[in-house]
Structure formats: structure tokens, C-alpha cells
Amino acid sequence: MNIKKIIKFIYKNYKKIRTEKKIKKIYNIKKNAKIKVFIIDYDGVLASQNKKIKDKRIDKWMNKNIKEQKKNRIFILSNLQKSSKKKYIEKKYKNVIFLKTKRKKPFSDGIYDVFIMTNISPSKIKIIDDRIFTGIISAVNAKTKYIIIKKTLYKYKKKIYKRNNYHNNKIHRKYNY
């Protein structure tokens, strides 16, 4: 998918792509007994791009949910799949799985991998992401629940990310996400 097709998809299907709640940061998300699995984006949700988790509230939220969830029920799915990030997550948080997929978001391959690994229905899985153009589209395609984090933890430097962020914010303003 190129960026123009993604933008057209978003604008045509804005009614389908609605967030359940307006959440500024991940630590504002409350535990829901119906949700059995979290799939979390790393960059922008947990930490700044390719950086370590510095916010103690995010760290506390992660540890609390790891204790409450059964083993292997929290997954990290990032488009920037560096082996150093994977090692960092697996060392810092036991029982959290860092997914590596061939096709990145907005393709739903990583979410389908979670379906297979956990044998849990899509209605009991929640995607937490900060980008409508990547994580939220993949959640809609996989028919899972999702939450969009409105306040990302970093600023974009590359031109394509700036354009993506511009359209993301335009959608937030226009459709009151």
C-alpha cells in the first residue's frame, strides 16, 4: 500500500475507524476483564523511537498488566523491528513477546500470528497504537478492538513520517477522534 491509497482508505472509511476511547497515554488504560491479549506498538506508545522506556508510569502499567495477564498474553508489534529492541523488551519484561513479521503494519500478519499463538478470538484482543495509518488499519482489517494513543512520545523527522503525522492529526481534528 502506498501512502495515497492509505489516505483515501482512511477518508472513505472514517466511520469504521473510530476509537473506543480518547486516551492520551498508555498508563491511562484501565484493565478490562473481557480483554485477554494486548498487542502494543513500541515506538510512540511505550517509548520514543528506538529508545528505552523512561516513563516510570508506563513501566508500572506494563508490570501490572504482565502480572494480571496469563503467560504470553502481551505482545509488542513494531514496524521498526531491531534485534536490540527485542532483546531489551525480553530482558526487561518477562512473558512479553516481541513479534517479528515479514510484512509490517498496516498488514495484519502480526495480529494473525497472535490469533494462532493464543487461540483467542479477535473480540478479546486489543491493539494499542498511536498511528491510524499503521496499527489501527491493521486492527480494523483483523476485526479486533483497538485504542489509539493520541499523545505520542516522539516527533517525526523523516518527510514521510511528517506527512503521515499531518494526515493523522487532520483526521483527529476533522472527525473529533
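Structure: see above.
The rules behind each value
- Residues numbered from 1 in each chain as written.
- Predicted model: local features only at pLDDT ≥ 70, side-chain atom pairs only at ≥ 80, totals over all residues.
- Heavy atoms only, no water.
- 1 Å grid on protein atoms, 1.4 Å probe; cavity = no way out; pocket = protein on both sides within 12 Å on 5 of 7 lines; lining within 4 Å.
- Points joined across faces, edges and corners; volume = space filled by probe spheres on them.
- Helix = DSSP H or I, 4+ residues; strand = E, 2+ residues; numbered from the N terminus.
- Nonpolar A, V, L, I, M, F, W, Y, C, P; charged D, E, K, R; others polar.
- Salt bridge = Lys/Arg side-chain N within 4 Å of Asp/Glu carboxyl O.
- Buried < 20%, exposed > 50% of the residue type's maximum accessible area, 1.4 Å probe, protein only.
- Core = buried A, V, L, I, M, F, W, Y, C linked by side-chain atoms within 4.5 Å.
- Contact = heavy atoms within 4.5 Å.
- Pairing = 2+ DSSP bridges.
- Arc of directions from axis to C-beta.

Now for empty space enclosed by the protein. A water-sized probe, rolled over the atoms, reveals where empty space remains. One pass over the full model with this rule turns up 3 cavities of 30 Å³ or more. Approximately 40 Å³ is the volume found for the largest cavity. Along the walls of the largest cavity sit Ile39, Ile40, Asp41, Leu77, Lys105, Ile111, Ile127, Ile128, Asp129 and Ser138, which together make up its complete lining. Elements represented by at least two residues in the lining of the largest cavity include exactly β2 (37-40) and β5 (125-129). In terms of residue count, β5 provides more of the lining of the largest cavity than any other element does, 3 residues in total. Class assignment for the residues of the lining of the largest cavity results in 6 nonpolar, 1 polar and 3 charged.

A few words now on the environment of isoleucine 137. By the secondary structure assignment, isoleucine 137 is in helix α5 (residues 132-142). Separated by 30 residues in sequence, isoleucine 137 and phenylalanine 107 place their C-alpha atoms 8.0 Å apart.

This next bit is on the pattern of salt bridges. Throughout the structure, instances matching the rule amount to 8 salt bridges. The salt bridge involving lysine 86 is made with glutamate 90; its shortest N-O contact spans 3.1 Å. With lysine 86 and glutamate 90 both in helix α3 (residues 83-92) and 4 residues apart, this pair spans about one turn of that helix. By relative accessible area, which is 27% here, lysine 86 ends up partly exposed. Classification of glutamate 90 by relative accessible area gives partly exposed; the value is 35%. Among the ionic pairs, aspartate 109 bridges to arginine 103, the shortest N-O distance being 2.9 Å. What you see here is one network of salt bridges that share partners, running through Asp41, Lys105 and Asp129.

Now for the nonpolar core. Within the largest apolar cluster, 25 residues are counted, with the highest numbers of intra-cluster contacts made by Ile26, Ile40, Leu46, Met62, Ile76 and Ile128. Put simply, the parts of the chain that give this core at least two residues each are β2, α2 (56-68), β3 (74-77), α3, β4 (96-99) and β6 (145-149). If you tally residues by element for this core, the top one is α2, at 4 residues. Other than its neighbours up to four places away in sequence, isoleucine 76 contacts Ile40, Tyr42, Leu46, Met62, Ile89, Val96, Ile97, Phe98 and Leu99. Within the second largest apolar cluster, 19 residues are counted, among which are Val37, Ile39, Ile136 and Ile148.

Our next topic: α5. Most of α5 sits out of view: 10 of its 11 residues are buried. Restricting attention to buried positions, one finds in α5 the residues Ile132, Phe133, Thr134, Gly135, Ile136, Ile137, Ser138, Ala139, Val140 and Ala142. Among the residues trailing α5, lysine 143 stands out with phi positive, at a value near 60°.

A few words on the pairing of β6. For β6, a buried count of 4 out of 5 residues is recorded, marking the element as mostly surrounded by other parts of the structure. As paired elements, β5 and β6 share 4 bridges and run parallel to each other. From the neighbouring strand, isoleucine 127 faces β6, where its bridge partner is tyrosine 146.

It is worth spelling out α3 at this point. If you check which residues of α3 are buried, you get Lys85, Tyr88 and Ile89. End-on view of α3: buried residues confined to an arc of 95°, all on one side of the axis. Every exposed residue of α3 that faces more than 90 degrees away from the buried side is listed here: Ser84, Lys87 and Lys91. Looking at the buried side of α3, the elements it contacts are β3 and β4.

None of the figures reported here should be taken as evidence of function without further support.
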